[in-house]
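The residues making up each chain are set out below.
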Amino acid sequence: MSESSIQDDVLGELGPDRLTEIASLLGTDENGAKETVATTVGAMTGGLQQQAAAGGDDGNEVRQAFAEVAEPPLQGVATLGGGLLGGGLMAGVLAKVSKPVAAAVSKKTGIPAPTVARVIELLIPVLLAVFAKRAADTGNPGGTGNPGSTASGTTPGAAAASGGGLGDLLGQILGGGKK
């Protein structure tokens, strides 16, 4: 099952109605919308991987956002607020990368950057859902999603760069092993 790309997962999660909405926004057909979504998702996940590998505050923020995604879902009364899908740190991280991604996708495709930015706004909740599903699928069996070992990571930069723990989870969620 891990063979599916993140682009495929996002397209599957979008469903026909949202894909039609994106096609209408872009002034294209379903295939054009799929290509734009795939290009945009690829640029966003690539940007996240670069930031996670970087040092400093931006890298730490991305790694913390992925640690949050990997945490088990809240249960009971705490779920009334919507949990991760209601926002969280990852939504903020995705919003931060959206402007440079919109510019890059616009340059690559010729689609105006404001239009790409609107597509990204539609994709952020879908990406959050896909990341959460991938984290749940990969985090539970191997234990890499254990919040005690990843969320508090005393050396988050080392964990992401070493290829273990959070670094493995990032690769699994973002499809980093795919060439």
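Every value quoted in this text rests on a predicted model; they were computed, and no experiment measured them.

By size, the foremost hydrophobic cluster in this structure holds 37 residues, and its most contacted members are Val10, Met90, Leu94 and Phe131. Sorting the residues of this core by element identifies helix H1 (6–26), helix H2 (30–53), helix H3 (56–70), helix H4 (88–109) and helix H5 (113–142) as the ones contributing at least two each. The greatest single-element share of this core, amounting to 11 residues, is contributed by H5.

Any segment with low pLDDT has predicted coordinates that should not be analysed in fine detail. When pLDDT is averaged along the protein chain, the result is 75, and 66% of the positions lie at 70 or above. The lowest-confidence element of the protein chain is helix H6 (residues 147–150), averaging 36 in pLDDT; the highest-confidence one is H1, averaging 94. Contacts for the low-pLDDT stretch residues 75–86, under 50 throughout, to residues beyond four places or in other chains number 7 contacts.

Turning next to the side chain of threonine 115. With respect to the element layout, threonine 115 can be found in helix H5. Leaving out residues up to four positions away in the same chain, threonine 115 has contacts with Leu25 and Leu26.

Turning to the packing of aromatic side chains, a few remarks are in order. Within this structure, the stated rule accounts for 1 aromatic pair. Aromatic side chains phenylalanine 66 and phenylalanine 131 sit 5.5 Å apart centroid to centroid with 45 degrees between the ring planes, which places their arrangement in the tilted category. Of this pair, phenylalanine 66 sits in helix H3 while phenylalanine 131 is found in helix H5, placing the two residues 65 residues apart along the sequence. Judged by its relative accessible area of 0%, phenylalanine 131 is buried.

The full count for this structure, using the stated rule, is 4 salt bridges. Between aspartate 9 and arginine 134 there is a salt bridge, and its shortest N-O distance comes to 2.8 Å. Of this pair, aspartate 9 sits in helix H1 while arginine 134 sits in helix H5, placing them 125 residues apart in sequence. Between glutamate 13 and lysine 133 there is a salt bridge, and its shortest N-O distance comes to 2.7 Å. Placement of glutamate 13 in helix H1 and of lysine 133 in helix H5 is noted, with a sequence separation of 120 residues between them.

Rules of the game
- Residues numbered from 1 in each chain as written.
- Predicted model: local features only at pLDDT ≥ 70, side-chain atom pairs only at ≥ 80, totals over all residues.
- Heavy atoms only, no water.
- Core = buried A, V, L, I, M, F, W, Y, C linked by side-chain atoms within 4.5 Å.
- Buried < 20%, exposed > 50% of the residue type's maximum accessible area, 1.4 Å probe, protein only.
- Helix = DSSP H or I, 4+ residues; strand = E, 2+ residues; numbered from the N terminus.
- pLDDT = per-residue confidence, 0-100.
- Contact = heavy atoms within 4.5 Å.
- Phe/Tyr/Trp six-rings, centres within 6.5 Å; stacked < 30°, edge-to-face > 60°.
- Salt bridge = Lys/Arg side-chain N within 4 Å of Asp/Glu carboxyl O.

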